[in-house]
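Spelled out, the chains give:
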Amino acid sequence: MTATLEVAAGVGTIRLDRPPMNALDIATQDRLKELAEEATRRDDVRAVVIYGGEKVFAAGADIKEMQAMDHAAMVVRSGALQESFTAVARIPKPVVAAVNGYALGGGCELALCADFRIAADNAKLGQPEILLGVIPGAGGTQRLARLVGPSKAKDLIFTGRHVKAEEALTIGLVDRVVPAAEVYEQAHAWAARLAQGPAIALRAAKESIDAGLETDLDTGLAIERTWFAGLFATEDRQRGMRSFVEEGPGKAKFI
C-alpha cells in the first residue's frame, strides 16, 4: 500500500508510505481519496492526522510518470487528481498535517488540504511546478492564495522557490513550528484533543468556515445561522450547556 489509515483513540492517521520521497503517483493519489472517504465514513475516526514519516512529508508528484503523459491523458487525469485532494479537504472532521522534511508540489498541496499544519524546524515547503513549465494542478493556485493571500502565493508559484519553516510560519503557510522529533506527537495531540469534542458541532464549524469563504457575507451568515440553529437538536448541545450551568465552562463530556 502507498498509504494507510490507522485509528487509535478517535484519531485516524493517514500515513504516506512510498519510499524514498513519498512521490504522489496516480496509485497514491487514488489511495488518498479512498482513505479520505473511509475516514469520513468511520464513526471511530473523530479527527485526522496526515503524516509522511520522520524524513519527508511528500516531495511532489511522480515526474517520470507525468512526463509520459500527453495533453489528452492529462485532460482525463487532472480531474481525478483534484478530486483526490478535495476528498481530503472535505473530510468533515478536524485534519492536521504533520510536516517533516519536504512538502513540495503535490506535497504542499496536500498539506494545504488540512485545517492546521504543524511543521518540523527543518521542513521546506513550496510549489516548484513552474520550474517544470507547468503550474500547480492539485489546488495549489487556489488553496495557497486563500491561505496566504494572492501576493505571497504568486511569489511562491511564480518563482518555484522553497520556503523554510520559519518563513512558512511568518506568512501563515504553517501554523506551528516544532523540533522534527516532535512533529507527529504534537499533531496527534492536537487531533486527540479535538477528537474529544462535539463531533457535529465541529463539523458545523468546519463547513461553515469553508463554505463561507467561497461566498458573500450574507450567504455565509445564512450558512452559519442554519448550522447554529440545527445544533440545538443535538444531545451534545444539551450536555454542553447543562455542564456549563452546573459545573462551569470546559468540563462537558461529549458523545
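It should be noted that the structure appears before, not after, this text.
What you are looking at is a predicted structure, and each value in this text was computed from that prediction instead of being measured.

Trainee: How should the side chain of Q29 be read in this particular structure?
Mentor: Within the element layout of this structure, Q29 appears in helix α1 (residues 26-41). Judged by relative accessible area, Q29 falls into the buried class, the value being 7%. Q29 has contacts with L24, R77, L81 and S84, leaving out every residue within four places of it along the chain.

Trainee: Would you take a moment to explain the pattern of salt bridges for this structure?
Mentor: Oppositely charged side chains can form a pair if their charged atoms are brought close together. If you walk through the whole model with that rule in mind, you get 14 salt bridges. A salt bridge links D115 to K206, with the nearest nitrogen and oxygen atoms 2.9 Å apart. Here K206 lies in helix α9 (residues 199-212) and D115 lies in the loop between α4 (106-112) and β6 (116-120), a separation of 91 residues in the sequence. Note that R146 and E214 form a salt bridge whose closest N and O atoms lie 3.2 Å from each other. With R146 in helix α5 (residues 140-148) and E214 in the loop between α9 and α10 (217-230), this residue pair connects regions lying 68 residues apart in the sequence. The same class applies to R146 and to E214, which are both exposed.

Trainee: Is there a simple way to explain the sheet that holds strand β7 (residues 124-126) in this structure?
Mentor: The strands making up a sheet are joined through hydrogen bonds of the backbone, oriented either antiparallel or parallel. With respect to topology, three strands assemble into an open sheet ordered β5-β7-β8, the strand pairing being mixed. The open sheet has two edge strands, β5 (102-104) and β8 (163-164), and neither has a second partner. The pairing of β5 with β7 spans three bridges and is parallel. From the neighbouring strand, A103 faces β7, where its bridge partner is L125.

Trainee: Any chance you could explain the packing of α5 against helix α6 (residues 150-159) here in plain terms?
Mentor: Packed helix pairs are specified by the crossing angle of their axes together with the interaxial distance, meaning the distance between the axes. Between α5 and α6, the least distance of the axes is 7 Å, while the angle of their chain directions is 135°. For the element pair α5 / α6, the angle class is oblique. As α5 packs across α6, the resulting crossing turns out to be right-handed. Between α5 and α6, the contacting residues are G140, T141, L144, A145 and V148 on the first element and P150, K152, A153, L156 and I157 on the second. When the residues that make up the contact of α5 with α6 are grouped by side-chain class, the tally is seven nonpolar, two polar and one charged.

What counts and what doesn't
- Residues numbered from 1 in each chain as written.
- Predicted model: local features only at pLDDT ≥ 70, side-chain atom pairs only at ≥ 80, totals over all residues.
- Heavy atoms only, no water.
- Helix = DSSP H or I, 4+ residues; strand = E, 2+ residues; numbered from the N terminus.
- Buried < 20%, exposed > 50% of the residue type's maximum accessible area, 1.4 Å probe, protein only.
- Contact = heavy atoms within 4.5 Å.
- Salt bridge = Lys/Arg side-chain N within 4 Å of Asp/Glu carboxyl O.
- Pairing = 2+ DSSP bridges.
- Axes fitted to C-alpha atoms, helices over the stretch in contact; angles between N-to-C directions.
- Parallel < 35°, antiparallel > 145°, perpendicular 65-115°, else oblique.
- Left-handed = near helix turned anticlockwise from the far one by under 90°.
- Nonpolar A, V, L, I, M, F, W, Y, C, P; charged D, E, K, R; others polar.

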